[in-house]
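Inside the fold
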Amino acid sequence: MAWSPAKLAEVDERRAALIRLRRTRTPYDSPEILNLGYESANAARKDFYRAVTARREATAVEVADYREEQNEILNNLLDTYLPLALDEKDIKAAEMALKLLERQAKLNGWEAALKAELAGPGGGPVHLQTASVANLIELINTAGDEDEDDDLDDGDQDADEDIDDDSDAAED
């Protein structure tokens with residue numbers, strides 16, 4: 001059953017008041033929040049979650065609409081300048097096309113930074129919360145040392161043939 005517009009407006013108003021109170025760090029079980037019409041602190045928590053989710057989804061839709069509009073504008077401009085740059089070798093048109101492509105990449109997040117991760121010995125995680133300064137210095141000092149499995153004891157291979165798995169592929 002669909003809610004009436006009046007009921008939806010009431011819910012929106014209550015959620016807006018709840019968000020205002022939560023932004024001031026008012027606890028869910030405070031009388032101010034419960035007086036908004038919530039039966040319990042848990043009901044207020046659930047409604048707050050629903051309100052934040054609804055706002056996030058509405059914002060995502062607005063951002064997607066904006067991106068779509070901007071992409072249409074950029075594509076129309078590229079339709080004009082790219083043929084001039086490629087066919088007629090127009091330097092100004094080439095510069096404009098490059099700027100438009102860069103703008104489009106930025107708009108769509110195609111240039112997002114890569115996430116880097118620090119790995120400990122054997123590729124495992126580094127537990128920094130329990131590490132002392134001495135542990136960190138030891139870890140730094142052993143960073144370039146060869147692993148125990150790098151040593152060849154069987155004598156079947158020359159030392160030059162031993163592949164050090166600590167070295168970067170770029171050094172090859």
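This text follows the structure it describes.
Report on the accompanying structure.

About the criteria used
Residues numbered from 1 in each chain as written. Predicted model: local features only at pLDDT ≥ 70, side-chain atom pairs only at ≥ 80, totals over all residues. Heavy atoms only, no water. Axes fitted to C-alpha atoms, helices over the stretch in contact; angles between N-to-C directions. Helix = DSSP H or I, 4+ residues; strand = E, 2+ residues; numbered from the N terminus. Parallel < 35°, antiparallel > 145°, perpendicular 65-115°, else oblique. Contact = heavy atoms within 4.5 Å. Nonpolar A, V, L, I, M, F, W, Y, C, P; charged D, E, K, R; others polar. Core = buried A, V, L, I, M, F, W, Y, C linked by side-chain atoms within 4.5 Å. Buried < 20%, exposed > 50% of the residue type's maximum accessible area, 1.4 Å probe, protein only.

Examining the packing of helix α1 (residues 5-23) against helix α3 (residues 41-87)
Two numbers describe how α1 lies on α3: the axes approach to 10 Å, and their chain directions differ by 100 degrees. It follows that α1 is roughly perpendicular to α3 by the angle criterion. Between α1 and α3, the residues in contact are R14, R15, A16, L18, I19 and R22 and A44, D47, F48, R50, A51 and R55, respectively. When the residues that make up the contact of α1 with α3 are grouped by side-chain class, the tally is six nonpolar, no polar and six charged.

Brief notes about the nonpolar core
Among the nonpolar cores identified, the biggest contains seven residues, and these are L18, L21, Y28, I33, Y38, A41 and A44. Elements supplying a minimum of two residues to this core: α1 and α3. What Y28 contacts, discounting residues up to four positions off in sequence, is R22, I33, L34, A41, A44, R45 and F48. Listed in part, the five residues of the second largest apolar core include L74, A97, L100 and L107.

Topic: the environment of I33
As for its position among the elements, I33 is in helix α2 (residues 31-34). Residue classification places I33 among the buried positions, given a relative accessible area of 0%. For I33 and L18, which are 15 residues apart along the polypeptide, the C-alpha to C-alpha distance reads 6.5 Å. Those residues within four positions of I33 in sequence are excluded, and the remaining contacts are L18, L21, R22, T26, P27, Y28, Y38 and A44.

Some points on the environment of E32
As for its placement among the helices and strands, E32 is situated in helix α2. A residue is classified by how much of its surface remains accessible, and E32, at 48% relative accessible area, is partly exposed. Considered as a pair, E32 and L21 are 11 residues apart in the sequence and their alpha carbons are 8.1 Å apart.

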